Amino acid sequence: MSYAYQIKTKREYNEAYKKSIEDPEAYWEEVAASFIWKKKWEKVLEWNFTAPDIKWFKEAKLNITENCLDRHIEANGDNPAIIWEPNNPDEKHRVITYRQLHKEVMQFANVLKHNGVQKGDRVCIYMGMVPELAVAVLACARIGAIHSVIFGGFSAQSIADRLQDAQASFIVTCDGSYRGNKVIPLKPVIDDALAQCDTVKKVIVLNRTHTPVSMIKGRDVWWEDEMKKAELSGNLQCNAEEMDAEDPLFILYTSGSTGKPKGVVHTCAGYMVYTAYSFVNVFQYTLGDVHFCTADIGWITGHSYILYGPLCAGATSLMFEGIPTWPDAGRFWDIVDKHQVNILYTAPTAIRSLMGFGISPIEGHQLTSLKVLGTVGEPINEEAWHWYNENIGKGRCPIVDTWWQTETGGILISNMAGITPAKPAHATLPLPGVQPVLVDEHGNEITGNNVNGNLCIKHPWPSILRTTYGNHERCRTNYFATYPNLYFTGDGCYRDNDGNYRITGRVDDVLNVSGHRIGTAEIENAINMHTGVIESAVVGYPHDIKGQGIYAYVVCSNIHGDETEMRGDITQTVTRIIGAIAKPDKIQLVNGLPKTRSGKIMRRVLRKIAEGETSNFGDTSTLLDPGIVEEIKNGKI
Ligand code: WTA
């Protein structure tokens, strides 16, 4: 399989970019011709950013799994679709061919149907990184059910909120999952979530860790039993449901600057076309290459670049259950050599944490199979970029710094491996079809080079989010209302003298902790639920490994036990309400917060204190009690 839409030279990139701007519809129509459709579109694009109302490939009918699976069977059915590397290196890895994956997906799709799942139903998936997670996701897509994968680090409360918001009626989970030397219970967390959520009718449970779990008669069924039943029924086929181009494919919850996570909705056709297109072009994928994306499928990176993008391209995608530092900090390099990985796509936080172990874990590894390296999720600092380049890529692998978001569905700004030049710490150039603009706070476009501004996008690309589930107004106000006729990313950005883009970080109240997005308001809400807490303010501060750490200033009415105990209790509350990923790194108990006379917290001052600044707090004359700043500064931890 070669890809008609693959850009192979810098010149082709320039031409493609030009065409995609001058005539976006013609450009994407040509790309879309490489996919399998049940019915062709009547119109390539209809859009306005005011509503917003965006329709790509209008009236087209398709099923994404026919593009991910069926189409590869004849010519490449025996090619590995997924190579699965277990957490424990002593356990045997699995190679799942396209033919096998196709069969399993159809079988599990039948299981879903037998259990009452219908097109349009929301199915929540809460599993570890096992191949069955891929099967569950694709089986939903096969029958037109809308999957919503929830990352294993979220608490019962977070799951319950998401189940309610999505009105999910089915859950697929595991008894537990393995992470390093730990067994993480999953089904018990689901049970706790279900105690406060009555929309769910059935829970399908895969046995992975043999952790004892309660199975409620009539509601909970075992994956293995159901699969056996489906096999015995003799019906091994499951036709791909005919989906409209704009039918929802999945919901993925992500944090914003307000207290509640939003369910970002992606639809079938545009998402499919853009993830495959960006996968092939950014990584310069060649059939047979082994692609290793280290993200979890609970995040958008796993959706787009472990599953949908690679599988649509007939690629071999490596899925890893464990963590980079277990049994030791050489695990990624063991995997690269063992499976002859050609493309490694990971997060700057992982690189920085591995850097901390020095180069001895790399010694004894060949790493000669590597051709392309990638990063995603947060700005990469130059030191980490050079370490990655020299020690892992040995100076011969292009590094793609890919900027995108849950809402964008796929990579929007990145160099293309070996085609367009890399520049350390810069995402560089937009992909064809992507029109970035920088604006000032009034929404005026900042033209020219060597400028900073807020990053917006001017024209829709095929995998732009369509709505936030159950609340379209929220989608409009969050992304399309700040600046008229522009999609606002929430990121600050610099454009250098050559037109390269460098993302400078969020300009809203969203933190990026180890590449995970967490809204400060969400953490504050959780802290404020703790008894004895009056109010709190959460800010980010630079953290050597995580990129950003979480710093919480908390005002208490009474402190239970001593301060250390109180801090421990607050941390426990956050873990309960959101999950371990939102645990504050530092909690400072304070007597008051710096507030203006109108009651607004002056976060800028708190941010500076958390960053270790001791003076230069800017204008604090509007503060109700300027003395509080000094007090907080002196109590910094
Ligand atoms: C940040 C992850 C700098 C950015 C795919 C964005 C980046 C947020 C980069 C989205 C990058 C992502 N350089 N910053 N290459 N990639 N970001 O939704 O702030 O989990 O808005 O999607 O991560 O995070 P999300």
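None of the values given here were measured: they were computed from a predicted structure.

Caption draft 1: Representation of the packing of aromatic side chains. What the rule picks out here adds up to 40 aromatic pairs. Seen in terms of ring centroids, tyrosine 274 and tyrosine 277 are 6.1 Å apart; in terms of plane orientation they differ by 35 degrees. Their pairing is tilted. Taken together, the positions of tyrosine 274 and tyrosine 277, both in helix α9 (residues 268-283) and 3 residues apart, correspond to about one turn of that helix. The residues tyrosine 274 and tyrosine 277 share a single accessibility class, namely buried. Taken together through their ring pairs, the aromatic side chains of Tyr3, Tyr5, Tyr27, Trp28, Phe35, Trp37, Trp41, Trp56, Phe57, Tyr274 and Tyr277 make up a single cluster.

Caption draft 2: Quick look at the nonpolar core. Ranked by size, the top nonpolar core spans 171 residues in total, and within it Trp37, Phe57 and Phe108 carry the most contacts. The element best represented in this core is α9, accounting for 12 residues. Apart from the residues lying within four places of it in its own chain, the contact partners of tryptophan 37 are Ala32, Phe57, Ala60, Lys61, Leu62, Ala269, Met272 and Val273.

Caption draft 3: Spotlight on the domain arrangement of the protein. Once the domains are mapped, the protein shows domain 1 (10-42 + 56-63 + 270-506), domain 2 (64-241) and domain 3 (510-634). When each unit is reduced to the centre of its C-alpha atoms, the spacing between domain 1 and domain 2 is 26 Å. In this complex, domain 1 contributes 40 residues to the contact, which on the side of domain 2 involves 45 residues. Sorting the residues of domain 1 by area buried against domain 2 places Asn63, Met319 and Glu321 first, and these three jointly supply 23% of that buried surface. There are 4 salt bridges connecting domain 1 and domain 2. Between lysine 38 and glutamate 66 there is a salt bridge, and its shortest N-O distance comes to 3.2 Å. Viewed at the interface, domain 2 and domain 1 are joined by 27 residue pairs in polar contact (both at pLDDT 80 or more). Broken down by secondary-structure element, the contributors of at least two residues to the side of domain 1 that touches domain 2 are α9, α10 (300-312), β17 (316-320) and α11 (331-338).

Caption draft 4: Structural view of the site of the ligand. Close to the ligand lie 17 residues; Asp401, Thr402, Thr406, Asp491 and Arg506 are nearest. Between the ligand and the protein, one listed contact pairs a nitrogen atom with a backbone N or O atom of glutamate 378 at 3.4 Å. Within the contact set of the ligand, an oxygen atom lies 3.3 Å away from a side-chain nitrogen or oxygen of asparagine 512. The fraction of the free accessible surface of the ligand (530 Å²) that becomes covered by protein chains is 96%. Contributing elements (two or more residues each) for the shell around the ligand: α10, β20 (399-402) and β25 (501-506). Looking at the shell around the ligand residue by residue, the classes come out as 6 nonpolar, 6 polar and 5 charged.

Caption draft 5: Up close: the sheet that holds strand β4 (residues 80-85). The 7 strands lie next to each other as β5-β4-β17-β16-β18-β19-β20, forming an open sheet whose pairing is mixed. Because the sheet does not close on itself, it has two edges, and the strands there are β5 (94-97) and β20. Sheet twist, expressed as the average angle between the axes of neighbouring strands with direction ignored, equals 20 degrees. For strand β19 (residues 372-376) and β20, the ladder comprises 4 bridges, and the chain directions are parallel. In the strand pairing of β20, leucine 373 is matched with isoleucine 399. Contacts from α9 reach β16 (290-293), β18 (343-346), β19 and β20 within the one sheet, and its direction differs from that of β20 by about 145 degrees. Relative to β16, α10 is tilted by about 165 degrees, and along the sheet it contacts β4, β16, β17, β18 and β19.

Caption draft 6: Spatial organisation of the pattern of salt bridges. Scanning the entire structure with this criterion turns up 37 salt bridges. The partner of glutamate 85 in a salt bridge is lysine 338, with the nearest N and O atoms 3.0 Å apart. Taken together, the residues glutamate 85 in strand β4 and lysine 338 in helix α11 connect sequence positions 253 residues apart. We classify glutamate 85 as buried; its relative accessible area is 2%. A residue is classified by how much of its surface remains accessible, and lysine 338, at 40% relative accessible area, is partly exposed. Two residues, arginine 352 and glutamate 378, come together in a salt bridge whose shortest N-O distance is 2.9 Å.

Conventions adopted
Residues numbered from 1 in each chain as written. Predicted model: local features only at pLDDT ≥ 70, side-chain atom pairs only at ≥ 80, totals over all residues. Heavy atoms only, no water. Phe/Tyr/Trp six-rings, centres within 6.5 Å; stacked < 30°, edge-to-face > 60°. Helix = DSSP H or I, 4+ residues; strand = E, 2+ residues; numbered from the N terminus. Buried < 20%, exposed > 50% of the residue type's maximum accessible area, 1.4 Å probe, protein only. Core = buried A, V, L, I, M, F, W, Y, C linked by side-chain atoms within 4.5 Å. Contact = heavy atoms within 4.5 Å. Domains from an automatic or database assignment. Buried area = accessible area lost by both parts, 1.4 Å probe. Salt bridge = Lys/Arg side-chain N within 4 Å of Asp/Glu carboxyl O. Polar contact = N/O pair within 3.5 Å; in protein donor to acceptor, adjacent residues only side chain to side chain. Near = heavy atom within 4 Å. Areas by Shrake-Rupley, 256 points an atom, 1.4 Å probe, with all protein chains shown as cover. Nonpolar A, V, L, I, M, F, W, Y, C, P; charged D, E, K, R; others polar. Pairing = 2+ DSSP bridges. Axes fitted to C-alpha atoms, helices over the stretch in contact; angles between N-to-C directions.

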